[in-house]
Amino acid sequence: YDIYKINGYNTYYRKIYKNYITSEIMQLILSGGGSAEKSKDLDKFFISLIPKNKKLLYIPIAMKDKYNAYECQKWLESCLFPLGFKNIETWGNTSSKNIKDLEKFGAIYIGGGNTFSLLHDLRKTKFIGILKKFIENNGLVYGGSAGAIILGKEITTCGDKNKVKLKNTAGLNFVNNFSLVCHYKKENEITELKKRTNLKIIALPEGCGLYVQNKKITVKGIGCAYLFNKEGKTKFKMDQEINELLS
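Residues numbered from 1 in each chain as written. Predicted model: local features only at pLDDT ≥ 70, side-chain atom pairs only at ≥ 80, totals over all residues. Heavy atoms only, no water.

Colleague: Help me understand the pairing of strand E7 (residues 201-204) in this model?
Modeller: Side-chain positions along a regular strand alternate between the two faces of the sheet. The two faces of E7 match: Ile201 and Ala203 on one face and Ile202 and Leu204 on the other face are all buried. Where strand E6 (residues 179-182) meets E7, 4 bridges bridge the pair, whose relative direction is parallel. Residue pairing across strands places Leu180 opposite Ile202, the latter belonging to E7. After leaving E6, the chain enters helix H7 (residues 187-197) and then returns to the sheet as E7, a path that is right-handed. Where E7 and strand E10 (residues 225-229) come together, 3 bridges link them in antiparallel fashion. Within the sheet, the bridge partner assigned to Ile202 lies in E10 and is Leu227. (Buried < 20%, exposed > 50% of the residue type's maximum accessible area, 1.4 Å probe, protein only. Helix = DSSP H or I, 4+ residues; strand = E, 2+ residues; numbered from the N terminus. Pairing = 2+ DSSP bridges. Right-handed = clockwise from strand over helix to strand, strands pointing away.)

Colleague: Teacher, can you tell me more about the environment of Leu131 here?
Modeller: Here Leu131 is to be found in helix H5 (residues 127-136). Of the residues examined, Leu131 reaches a relative accessible area of 0% and is grouped as buried. Taking the C-alpha atoms as reference points, Leu131 and Asn98, 33 residues apart in sequence, are found 9.8 Å from one another.

Colleague: Can you help me understand helix H3 (residues 69-80) in this one?
Modeller: For H3, built from 12 residues, the straight-helix expectation of 16 Å at 1.5 Å per residue is met to within 8% by its first-to-last C-alpha distance of 16 Å. Of all the positions in H3, only Cys72, Gln73, Leu76, Glu77, Cys79 and Leu80 are classed as buried. All buried residues of H3 project into a common sector of 155 degrees when viewed along the axis, lining one side. Buried residues in H3 make contact with helix H2 (40-49), strand E2 (55-59), strand E3 (88-90) and strand E4 (105-110). (Expected span 1.5 Å × (residues − 1). Arc of directions from axis to C-beta. Contact = heavy atoms within 4.5 Å.)

Colleague: I keep staring at the sheet that holds E10 and nothing clicks. Help me out?
Modeller: The strands making up a sheet associate through backbone hydrogen bonding, with each pair oriented either parallel or antiparallel. Strand order in the open sheet formed by 4 strands is E6-E7-E10-E11, with mixed pairing between adjacent strands. Every other strand in the sheet has two partners, leaving E6 and strand E11 (232-236) as the edge strands with one partner each. The average angle at which neighbouring strand axes cross in this sheet is 20 degrees, direction not considered. Sheet topology places E10 next to E11; 5 bridges connect them, and they run antiparallel. Bridged to Ala225 within E11 is Phe236. (Axes fitted to C-alpha atoms, helices over the stretch in contact; angles between N-to-C directions.)

Colleague: Whenever I open this one, the pattern of salt bridges confuses me. Can you help?
Modeller: Any two side chains of opposite charge can pair, on the condition that their charged atoms come close. Counted according to the given criterion, the structure contains 12 salt bridges. Ionic pairing is found between Asp121 and Lys64, a salt bridge with its closest N-O pair at 2.7 Å. Here the residue Asp121 occupies a position in helix H4 (residues 115-124), and Lys64 occupies one in the loop between E2 and H3, the gap between them amounting to 57 residues. Take Asp121: its relative accessible area is 10%, and that puts it in the buried class. Judged by its relative accessible area of 45%, Lys64 falls in the partly exposed class. A salt bridge links Lys132 to Glu136; the nearest nitrogen and oxygen atoms lie 2.6 Å apart. Of this pair, Lys132 and Glu136 both sit in helix H5, 4 residues apart, which is roughly one turn of that helix. Residue Lys132 is classed as partly exposed on the basis of its relative accessible area, which comes to 32%. In the salt-bridge network here, residues are joined through shared partners; they are Lys55, Glu89 and Lys104. (Salt bridge = Lys/Arg side-chain N within 4 Å of Asp/Glu carboxyl O.)

Colleague: Could you clarify how one ought to interpret H5 in this entry?
Modeller: Every α-helical turn comprises 3.6 residues, leaving residues that sit three or four positions apart pointing alike. Those residues of H5 that fall on the buried side of the exposure criterion are Phe127, Ile128, Ile130, Leu131, Phe134 and Ile135. Along the long axis of H5, the arc covered by the buried residues comes to 160 degrees, so they all point the same way. The positive-phi residue at the C-terminal boundary of H5 is Asn138, with phi of around 70 degrees.

Colleague: Where do I start with the sheet that holds strand E8 (residues 208-213) in this structure?
Modeller: Here we have 7 strands laid out as an open sheet, ordered E3-E2-E4-E5-E1-E8-E9, and mixed in their pairing. What marks the edges here is a single partner per strand, and that holds for E3 and strand E9 (216-221). Across the sheet, the mean angle separating the axes of adjacent strands is 20 degrees when strand polarity is ignored. Bridge count for E8 against E9 is 6 bridges, and the pairing is antiparallel. Bridge assignment links Val212 to a residue of E9, and that residue is Ile217. H2 rests against strand E1 (27-31), E2, E4, strand E5 (140-144), E8 and E9 of the sheet, and its axis sits at about 165 degrees to E1.

Colleague: I keep staring at the side chain of Gln73 and nothing clicks. Help me out?
Modeller: The residue Gln73 is located in helix H3 in this model. In contact with Gln73, other than residues within four places in its own chain, are Tyr58, Ile88, Glu89 and Thr90.

This is the structure in structure tokens:
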């Protein structure tokens, strides 16, 4: 694999990335959120992509003001154990982590919660750069709600309170310059958001998600996804590819 040279450490990164690369393309699962029952189909699809005998890394830090890491892990177990996947490790923080720490994981699950707090903490601990390289070098990542939104272009679509007073609200921009709305219910909320921001938006109801493979985006889970751009609103059903309409 042709791994990028990073600050001169080309050989080191090639060695580590080889241990978790399972695909020759970038792979993201972006979830609109919801209960274990609503997300079951999307979760099942995600599990099918995780290489056998590899752990899943769960990062639930967006929920730190409500639940501790143990409580969050129990929730994820309630989602994935019934689907046959039990190899989960949870990190309650991302401080002092490096790329080598990801060697044993076949995928990363970034949980929901407060989107501003999540992005703030990932930047503060410098894990945001590690996550970015993991994705760029074809590591598999699942973003649930807030975890999905930070992978879009801009996070002000989240509707959360900016308690950490985050000024730089740019996401990682892995969804073809689209920003994401999760837990989508009402079109008028998107209309008002677009008036304020002029963003291109993909809105995901609970249970619905996206499978991103480089520039290709496919609707997964249950229900429909909705695109909002200068042409208006477009509805996409499950398994329908929407990449050809992204501009």
